[in-house]
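The primary structure of each chain is shown beneath.
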Amino acid sequence: MSGQRTRRTAVTGMGVVAPNGLNADTYWKSVKEGASVLDRVTREGCEHLPLRVAGEVRGFDPSALIEETFLVQTDKFTHFALAAADAALQDAGLSSSAADSPYSVGVVTAAGSGGGEFGQRELQKLWGKGSRFVGPYQSIAWFYAASTGQISIRKGFKGPCGVVASDEAGGLDAVAHAARAVHRGTDVVVVGAAEAPLAPYSGVCQLGYPELSTVEDPARAYRPFTSAACGFVPAEGGAVLVVEDLDRAQRREAAVRATVAGHAATFTGASRWDRSREGLAQAIRGALDKAGCAPEEIDVVFADAMGVPDADRAEALALADALGRHGARVPVTAPKTGIGRSYCGAPLLDIVAAVQAMEHGQIPPTPGVFDICHDIDLVTGTARPAELRTALVLSRGLMGSNAALVLRRGPESAA
């Protein structure tokens, strides 16, 4: 293997379906302005639940974007993923016909909840009418791997495919999985995560999380890093990226929006926030090491921002442990406080925001958060102008996963 060039992973396309925007540009405008779209849950069947506030995707019409053949086979979380994948491929200037070979394009998605709405509907048919009334797609639509399968089938992609069935940090792990596929020789990977956890059954399942916020006021329901932190607010949506071999992207004169520089992950146990300090710090160190990046090179941190006092404290201390004195100086932001945490989709949305922040030289603020009670430089109020070359994206899951991803800015850092 000596003499073989090291393949690097470029981000060339991004697609978004989020509570604050149905495309990447609208999403960025809302994030940059620090807008919050958190509101009372309006989904039918959820009225009686103590979950009162969420980030709902509104105005999304899947029938205008996706063929009926795929709509009837899939749940809302896959509808989001299919639409975001289309947008990411268009942004990257790629189509099925543009691929060198169908085997040169892979698909990787992450999922933490699967197709709860579809599954609930079919199970209600089973209980209320009998098995003959249950549709055949019940066997696949709820499944965690449904989005990977349907994107690859719909687009004819036959390269390496996979799914990360995990908690929130699985969104970053999926990107790392895709980057490894590129390093091993796959030209292009469509990678992302989108979730739809606001069906009644899904809502009931989430009530088992002690970290879930049940505050009724949208302005107070999700306030990480403050003395009023009371848990997180769930959300729908997510994002899909197109990542590809950097040399290939440059040969076809694609816009290289960022490069995936390093990733690491650890596991410290479900809701063990005291232990997540050590685990997250170790993930940060590992990601920096793989990226060949010194702590002081990190220009911005996109925080996990769980919104639980012990978890927030652990994250702030992990930054200090891993980055040293730079941990208290580096700007930190958590745009997700304006839209909620879409589980595996949340870190993908943070990646999109990080890429756009580096492109525009602006750090988006943390909506609704002002009275910081931790030793971090949290950006609040309005966006902060800054020269951004390297971003660190963090994610932790309720089941105990910790992950860190280092991104480098596009063209000039890709040389």
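Residues numbered from 1 in each chain as written. Predicted model: local features only at pLDDT ≥ 70, side-chain atom pairs only at ≥ 80, totals over all residues. Heavy atoms only, no water.

Across the interface, helix α1 (residues 24–33) lies against helix α13 (residues 345–360) with an axial gap of 10 Å and an inter-helix angle of 75°. Relative to α13, α1 is oriented roughly perpendicular. Touching Ala24, Asp25, Tyr27, Trp28 and Val31 of α1 are Leu349, Asp350, Val352, Ala353, Gln356, Ala357 and His360, all from α13. Taken together, the residues of the contact of α1 with α13 break down into 8 nonpolar, 2 polar and 2 charged. (Axes fitted to C-alpha atoms, helices over the stretch in contact; angles between N-to-C directions. Helix = DSSP H or I, 4+ residues; strand = E, 2+ residues; numbered from the N terminus. Parallel < 35°, antiparallel > 145°, perpendicular 65-115°, else oblique. Contact = heavy atoms within 4.5 Å. Nonpolar A, V, L, I, M, F, W, Y, C, P; charged D, E, K, R; others polar.)

Our focus in this paragraph is the sheet that holds strand β9 (residues 300–302). If you trace the 11 strands from one edge of the open sheet to the other, you get β5-β4-β6-β7-β1-β8-β15-β14-β9-β10-β12, paired in mixed fashion. Two strands lie at the open edges of the sheet, namely β5 (161–165) and β12 (377–378), each paired on one side alone. Strand direction decides the pairing type here: strand β10 (residues 331–333) and β12, joined by 2 bridges, are parallel. What sits directly across from Pro331, in β12, is Asp377. Packing against the sheet, helix α10 (residues 273–291) makes contact with β8 (258–267), β14 (390–396) and β15 (401–409), and its axis sits at approximately 145° to β8. (Pairing = 2+ DSSP bridges.)

Here we come to the packing of aromatic side chains. For the structure on display, the rule yields 4 aromatic pairs. A centroid spacing of 5.9 Å and a plane angle of 90° characterise the contact between Phe232 and Tyr343, whose relative ring orientation is edge-to-face. Highlighted residues: Phe232 in the loop between α8 (200–206) and β7 (237–245) and Tyr343 in the loop between β10 and α13, separated in sequence by 111 residues. One aromatic cluster is present, formed by Trp142, Phe143 and Tyr144 through successive ring pairs. A cation over a ring is seen here: Arg341 above Phe232, with NZ or CZ 5.8 Å from the ring centre. (Phe/Tyr/Trp six-rings, centres within 6.5 Å; stacked < 30°, edge-to-face > 60°. Lys NZ or Arg CZ within 6 Å of the ring centre and 35° of its normal.)

These values are about where atoms sit, not about what they do.
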